[in-house]
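# Breakdown of the fold
Now for the letters of each chain:
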Amino acid sequence: MMQYDVIIVGGGMVGASLACALSGQGLRIAIVEAVRPGVRDEPGYDERAITLAYGTKRIFDGLQLWDQLADAATPIHRIHVSDRGHFGMTRMERSEEGLPALGYVVPARVIGQVLTDAVAAREDIDYLCPARVTAVSRSGDEVHVDIIQDEKPETLRARLLVAADGANSAIREQFGIDTVESDYGQTAIVTNVTPQLPHRNIAYERFTDTGPLAVLPMTEQRCAVVWTVASDRADEVMALDDAAFLAGLQERFGYRLGRLEQVGRRQAWPLKLLQATESVRERLALVGNAAHTLHPIAGQGFNLGARDIAVLAEVLVEAVHRGEDPGALEVLNRYGDWRQADHQRVTVFTDGLARLFTLPLPALGVARTAGMLALDLLPPAKRLFTRMTMGRAGKIPKLARGLPL
Ligand SMILES: Cc1cc2nc3c(=O)[nH]c(=O)nc-3n(C[C@H](O)[C@H](O)[C@H](O)COP(=O)(O)OP(=O)(O)OC[C@H]3O[C@@H](n4cnc5c(N)ncnc54)[C@H](O)[C@@H]3O)c2cc1C
């Protein structure tokens, strides 16, 4: 039996970031990840471009990983929000926040590579991959995790198990934690395009009657596209040839960037909202998509998960330094309580935005226009929106302030 302090199931962006945050603190850490890095259908690190909030950039600073990400990161200087066929429009500027950028767009694959390399280089982390969890049980002050790696069964023991195994978390299910879920009936089609005109570091969020459309600045003057369509139309849009796809996208987005000239590989993501009803149990903590899976409308999912790991790592390291048991419910409740308000605020905000801007009822069109105008005209409302999308609302953990644990 292999003995650890913390076992993290799931080595996606959130699980691997947590391992890096806990590394160097005198803990033995295991990551159990099912899919080998670099495999084309690896679920965590794919074709998507991820918008990292300014606070998440600070977390990567704190993890000493930002320098490795910086070359692939495109800063967002301005966010331009508009409603197709309606009057409302609003802009957010980095100068209003006094920051170098409102956020950064980084390919998920690059984040994955940087995290996987970092995990492999740390001696206090065992990266067990490809390995699958077959059973979990609690025994006294420990949790036992049965895995199969290279067709060989193995049992791992630890004081704390962290579920970072994504939206369909098997660990969450094994602990009998309920979820509240609702299907948006929408699918996000993700790709990148090369427009005729330079993007000038502007992120566009365009609300259309079939769903939101985000066009985000990337390196080499490409733009990442997240085009949300009704799920019953997704197969049809995915099957379009490149010219027809670009024409459809152009019709939705308009000509702010001139003609959209080239398009990359496409991927489709059915969208649902999921909230776990509990984020901790004795010996268990949930982080990232295992705890909350959001509509990607405002690019909040990973940012929320990054704040989970910043808080969990801070709570655990403080507990260990005080001689407390990191898997004790009393310790884990500090994490759960701290994260509750942020989870609630971002979930309600994202879900509200997704519903307000995707239902095509005329009355909602008026509400949308009014909402957008209010956002533009009322500095406090806009400021809260900006702070939230940048991950700067609420009590901020040390790592997100660039401080060591
Ligand atoms: C279209 C789209 C665009 C998005 N854009 C943004 C954005 O711009 N900004 C943002 O902040 N967020 C964005 N998100 C959300 C973000 O992608 C997720 O929040 C984030 O990837 C969640 O990471 P995770 O590590 O929690 O889960 P996952 O990425 O799902 O990783 C879970 C990992 O666990 C492994 N695993 C699962 N089960 C087991 C098991 N039993 N044993 C071992 N391993 C297991 C999986 O192989 C996987 O590697 C977007 C999401 C979508 C769909």
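Scroll up for the structure.
Residues numbered from 1 in each chain as written. Predicted model: local features only at pLDDT ≥ 70, side-chain atom pairs only at ≥ 80, totals over all residues. Heavy atoms only, no water.

## Some remarks on the layout of surface pockets
- Of the voids in this model, the second largest pocket is the one considered here, and its volume is about 300 Å³.
- Around the second largest pocket, the lining comprises 16 residues; the ones closest to its centre are A276, T277, S279, Q340 and H343.
- Elements represented by at least two residues in the lining of the second largest pocket include exactly β19 (267–276) and α10 (329–356).
- Looking at the lining of the second largest pocket residue by residue, the class counts come to three nonpolar, 10 polar and three charged. (1 Å grid on protein atoms, 1.4 Å probe; cavity = no way out; pocket = protein on both sides within 12 Å on 5 of 7 lines; lining within 4 Å. Points joined across faces, edges and corners; volume = space filled by probe spheres on them. Helix = DSSP H or I, 4+ residues; strand = E, 2+ residues; numbered from the N terminus. Nonpolar A, V, L, I, M, F, W, Y, C, P; charged D, E, K, R; others polar.)

## Describing the site of the ligand
- Surveying the vicinity of the ligand reveals 31 residues, the closest of which are E33, R48, T51, N289 and F302.
- At a separation of 3.1 Å, an oxygen atom of the ligand approaches a polar backbone atom of V14.
- Here an oxygen atom of the ligand and a side-chain polar atom of R48 are 2.4 Å apart.
- Compared with its free state, where it exposes 1,000 Å², the ligand has 89% of that area covered by protein.
- Secondary structure elements with two or more residues in the shell around the ligand: α1 (13–22), β4 (49–53), β10 (131–139), β14 (179–195) and α9 (301–321).
- Residues belonging to the shell around the ligand are distributed by class as follows: 17 nonpolar, 11 polar and three charged. (Near = heavy atom within 4 Å. Polar contact = N/O pair within 3.5 Å; in protein donor to acceptor, adjacent residues only side chain to side chain. Areas by Shrake-Rupley, 256 points an atom, 1.4 Å probe, with all protein chains shown as cover.)

## Observations concerning the packing of aromatic side chains
- For the coordinates displayed, the defined rule picks out four aromatic pairs.
- The ring of W269 has R48 sitting right over it, with the charged end atom 4.1 Å from the ring centre.
- The aromatic ring of W338 is capped on one face by K395, whose charged end is 3.9 Å from the ring centroid. (Phe/Tyr/Trp six-rings, centres within 6.5 Å; stacked < 30°, edge-to-face > 60°. Lys NZ or Arg CZ within 6 Å of the ring centre and 35° of its normal.)

## Quick look at the pairing of strand β12 (residues 152–158)
- Pairing between strand β1 (residues 2–3) and β12: two bridges, direction parallel. Looking at β12, one finds that Q3 is bridged to R157.
- Taken together, the seven bridges between strand β11 (residues 142–149) and β12 define a ladder with antiparallel strand orientation. By the bridge assignment, V143 is partnered in β12 with A158. (Pairing = 2+ DSSP bridges.)

## Structural notes on the sheet that holds β12
- Pairing is mixed in the open sheet, where four strands are placed in the order β1-β12-β11-β10. In the strand order of this sheet, the two ends are held by β1 and β10, each with one partner.

## Focus on the sheet that holds strand β5 (residues 74–76)
- Pairing is antiparallel across the open sheet formed by three strands, whose spatial order is β4-β8-β5. Two strands bound the open sheet, and with one partner strand each, they are β4 and β5. Strand-to-strand twist of the sheet, defined as the mean angle between neighbouring strand axes without regard to direction, takes the value 30°.
- Taken together, the five bridges between β4 and strand β8 (residues 103–107) define a ladder with antiparallel strand orientation. What sits directly across from T51, in β8, is V105. (Axes fitted to C-alpha atoms, helices over the stretch in contact; angles between N-to-C directions.)

## As for the nonpolar core
- One finds L22, F60, I111 and L312 to be the most contacted residues of the largest nonpolar core, which totals 58 residues.
- With 11 residues, the single largest contributor to this core is α9.
- Excluding residues within four positions of it along the chain, F60 makes contact with S17, L52, L65, W66, L69, I111, L115 and F302.
- Of all hydrophobic cores here, the second largest spans 26 residues; its members include M92, A224, L273 and I297. (Core = buried A, V, L, I, M, F, W, Y, C linked by side-chain atoms within 4.5 Å. Buried < 20%, exposed > 50% of the residue type's maximum accessible area, 1.4 Å probe, protein only. Contact = heavy atoms within 4.5 Å.)

## Here's the deal with the packing of α9 against α10
- Remark: α9 packs on α10, axes separated minimally by 9 Å, with the N-to-C direction vectors making an angle of 160°. The orientation of α9 with respect to α10, classified from their angle, is roughly antiparallel. In this structure, α9 meets α10 at a crossing whose hand is right-handed. Contacts from L304, R307, D308, V311, L312, E314, V315, L316 and A319 of α9 reach α10 at V331, L332, R334, Y335, W338, R339, D342, H343 and V346.
- A breakdown of the residues in the contact of α9 with α10 according to their chemical character gives 11 nonpolar, one polar and six charged. (Parallel < 35°, antiparallel > 145°, perpendicular 65-115°, else oblique. Left-handed = near helix turned anticlockwise from the far one by under 90°.)

## Observations concerning the pattern of salt bridges
- Applying the stated criterion to the full structure yields 24 salt bridges.
- In this structure, K272 and E181 form a salt bridge, with 3.4 Å as the shortest nitrogen-oxygen distance. Taken as a pair, K272 in strand β19 and E181 in strand β14 lie far apart in primary sequence, 91 residues in all.
- With a relative accessible area of 25%, K272 lands in the partly exposed category.
- If you follow the salt bridges from partner to partner, you end up with E318, R322, E324, E330, R334 and K398 in one network. (Salt bridge = Lys/Arg side-chain N within 4 Å of Asp/Glu carboxyl O.)

## Thoughts on empty space enclosed by the protein
- This structure, assessed with the given rule, holds one cavity of 30 Å³ or more.
- Space inside the largest cavity adds up to approximately 40 Å³.
- Lining the largest cavity, in full, are E205, P212, L213, A214, V226, T228, P296 and I297.
- Only β16 (211–217) and β17 (223–230) provide two or more residues apiece to the lining of the largest cavity.
- Counting residues per element, the lining of the largest cavity draws most heavily on β16, which supplies three residues.
- Its residues assigned to classes, the lining of the largest cavity comprises six nonpolar, one polar and one charged.

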